[in-house]
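Take a look at the letters that make up each chain.
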Amino acid sequence: MIAVSCRNGEHFAVDPDLIERIERDPDTVVHLVDGTHYVVETPFEEVLHSIAAHRAGALVTRARLTNGYAATPTAARLARRHGNGRASEPELGAVPS
């Protein structure tokens, strides 16, 4: 979600995946895929930057996942494999015996 401000002072969040287009003529107008449109006070470039930052964050989060789970940090994984450190924890996706 990205935060925008309307001309009337209302603040709300919009799902950037639902934005069809953004106009700058002279006000910034956000058009959603369902036909709704909002005249926002947030500058055009700031809306575009917010969308780019949102999508970049989603890509980074997706890259950190392994098979749908958060990846185990390398040091912790190696410590478990070699029997060092604390008590053994099951690997993600491991079936207890």
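Here the structure is shown first, and the text comes after it.
What counts, and at which threshold
- Residues numbered from 1 in each chain as written.
- Predicted model: local features only at pLDDT ≥ 70, side-chain atom pairs only at ≥ 80, totals over all residues.
- Heavy atoms only, no water.
- Pairing = 2+ DSSP bridges.
- Helix = DSSP H or I, 4+ residues; strand = E, 2+ residues; numbered from the N terminus.
- Salt bridge = Lys/Arg side-chain N within 4 Å of Asp/Glu carboxyl O.
- Buried < 20%, exposed > 50% of the residue type's maximum accessible area, 1.4 Å probe, protein only.
- Axes fitted to C-alpha atoms, helices over the stretch in contact; angles between N-to-C directions.
- Contact = heavy atoms within 4.5 Å.
- Expected span 1.5 Å × (residues − 1).
- Arc of directions from axis to C-beta.

Novice: Would you mind going over the pairing of strand β1 (residues 2-5) with me for this structure?
Specialist: The two faces of a sheet get side chains in turn, since along a regular strand they alternate between them. Where β1 meets strand β2 (residues 11-14), 4 bridges bridge the pair, whose relative direction is antiparallel. Looking at β2, one finds that Ile2 is bridged to Val14. The turn joining β1 and β2, which pair antiparallel and follow one another in sequence, is formed by 5 residues; a positive phi near 95° is taken by Gly9.

Novice: When you look at the pattern of salt bridges in this model, what are you seeing that I'm missing?
Specialist: Pairing between side chains of opposite charge can happen when the charged atoms of each approach one another. Evaluated as defined, the whole model comprises 5 salt bridges. For Arg21, the salt bridge is made with Glu20, and the minimal N-O distance between the two is 3.9 Å. Note on Arg21: relative accessible area 39%, which makes it partly exposed. Through salt bridges with shared partners, a single network forms among Glu20, Arg21 and Glu23.

Novice: What should I look at first to understand the sheet that holds strand β5 (residues 37-40) in this one?
Specialist: Picture the strands of a sheet paired through backbone hydrogen bonds; they go either parallel or antiparallel. Strand order in the open sheet made by the 3 strands is β3-β4-β5, with antiparallel pairing throughout. At either end of the open sheet lies a strand with only one pairing partner, and these are β3 (19-24) and β5. Each strand axis lies, on average, 20° off the axis of its neighbour in the sheet, ignoring direction. Against the sheet, helix α1 (residues 44-63) makes contact with β3 and β4 (28-32), and its axis sits at roughly 155° relative to β3, the strand it touches most.

Novice: Help me understand α1 in this model?
Specialist: Think of an α-helix as 3.6 residues a turn; residues three or four steps apart then line up on the same face. For α1, with 20 residues, the first-to-last C-alpha span of 29 Å sits near the 28 Å given by 1.5 Å per residue. Of the positions making up α1, those classed as buried are Phe44, Val47 and Ile51. When α1 is viewed along its axis, its buried side chains cluster within an angular range of 75° and face the same direction. Away from the buried face of α1 by more than 90 degrees, exposed residues His49 and Ala63 are located. Close packing links the buried residues of α1 with β1, β3 and β4.

On their own, these measurements won't tell you what the molecule is for.
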